[in-house]
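Structure at a glance
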Amino acid sequence: GAGVSQSPRYKVAKRGQDVALRCDPISGHVSLFWYQQALGQGPEFLTYFQNEAQLDKSGLPSDRFFAERPEGSVSTLKIQRTQQEDSAVYLCASSLWGEETQYFGPGTRLLVL
Amino acid sequence: KNEVEQSPQNLTAQEGEFITINCSYSVGISALHWLQQHPGGGIVSLFMLSSGKKKHGRLIATINIQEKHSSLHITASHPRDSAVYICADSNYGGSQGNLIFGKGTKLSVKP
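Before going into details, it helps to say that this report is about the structure given with it. Note that this is a predicted model, so its numbers are computed, not measured.

Brief notes about the overall build of chain A
When helices and strands are counted, chain A shows zero helices and eleven strands. Start at the N end of chain A and walk to the C end: the helices and strands fall as β-β-β-β-β-β-β-β-β-β-β. Against the 2.2 N^0.38 benchmark of 13 Å for 113 residues, chain A shows a C-alpha radius of gyration of 13 Å, consistent with a compact globule. If one aligns the C-alpha atoms of chain A with their principal axes, the spans along those axes are about 40 × 25 × 25 Å. Long-range pairs, those at least 24 residues apart, make up 52% of the contacts in chain A with a sequence separation of at least 6. Total accessible area on chain A is roughly 5600 Å²; 48% of this is exposed by carbon and sulfur atoms.

Considerations on the sheet that holds strand S8 (residues 69-74) of chain B
Residue and element names in this part refer to chain B. If you trace the five strands from one edge of the open sheet to the other, you get S1-S3-S8-S7-S6, paired in antiparallel fashion. Single-partner strands in this sheet number two, and they are strand S1 (4-7) and strand S6 (53-56). Neighbour-to-neighbour, the strand axes of the sheet open up by a mean angle of 15°, direction not taken into account. Relative to strand S7 (residues 59-64), S6 is paired through four bridges, and the arrangement is antiparallel. Looking across to S7, one finds that histidine 56 is bridged to leucine 59.

Definitions and cut-offs
Residues numbered from 1 in each chain as written. Chains lettered and ligands numbered in written order. Predicted model: local features only at pLDDT ≥ 70, side-chain atom pairs only at ≥ 80, totals over all residues. Heavy atoms only, no water. Helix = DSSP H or I, 4+ residues; strand = E, 2+ residues; numbered from the N terminus. Rg over C-alpha atoms; globule rule 2.2 N^0.38 Å. Contact = heavy atoms within 4.5 Å. Areas by Shrake-Rupley, 256 points an atom, 1.4 Å probe, with all protein chains shown as cover. Pairing = 2+ DSSP bridges. Axes fitted to C-alpha atoms, helices over the stretch in contact; angles between N-to-C directions.

What follows is the structure, encoded as structure tokens:
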């Protein structure tokens, strides 16, 4: 079975541009997490889905950040009107329901110029 | 606020040395995770433990719940162990079990 995949792997955006980052979790994984990792820092929690329900979005840094998982599998993290401080690696992780081990994707490296 | 602190931030070792990375956390947890991150971003889960000690190959992880402290040890270190090692805690008794990460320890093992 394939692991967690993310696309694109790299994204360069001009300040003010909207971007969409995709995550394909492991098939059957109910839980899906988005994390943001700034350069030289540990990842920080953004949002969590259980199936299609977004149960926690407390980590989203502003209302420019929006995530969805409409069918309970693929998830998209959208950032509107990107700013330079949005430059980071965006990591997606998935896990089975009731399991604490999370499986991480390779991340999307976003650079906002 | 739950905080996870790691030390050292950077570590350089000679091949064959015994390595210890420390992690402390501030609130009660359901599990403590050790993860490895290679250049390019990929994160791999090494251990998840809630008590005692776990061993996998040359890697050993220990946790002291009373002291809210965990250590990751690498025996007979090798250049391929060079990576960033991150500890993270989770409180799965909450709504989702999202991970709270430390800043990571960058390990470089020289041949």
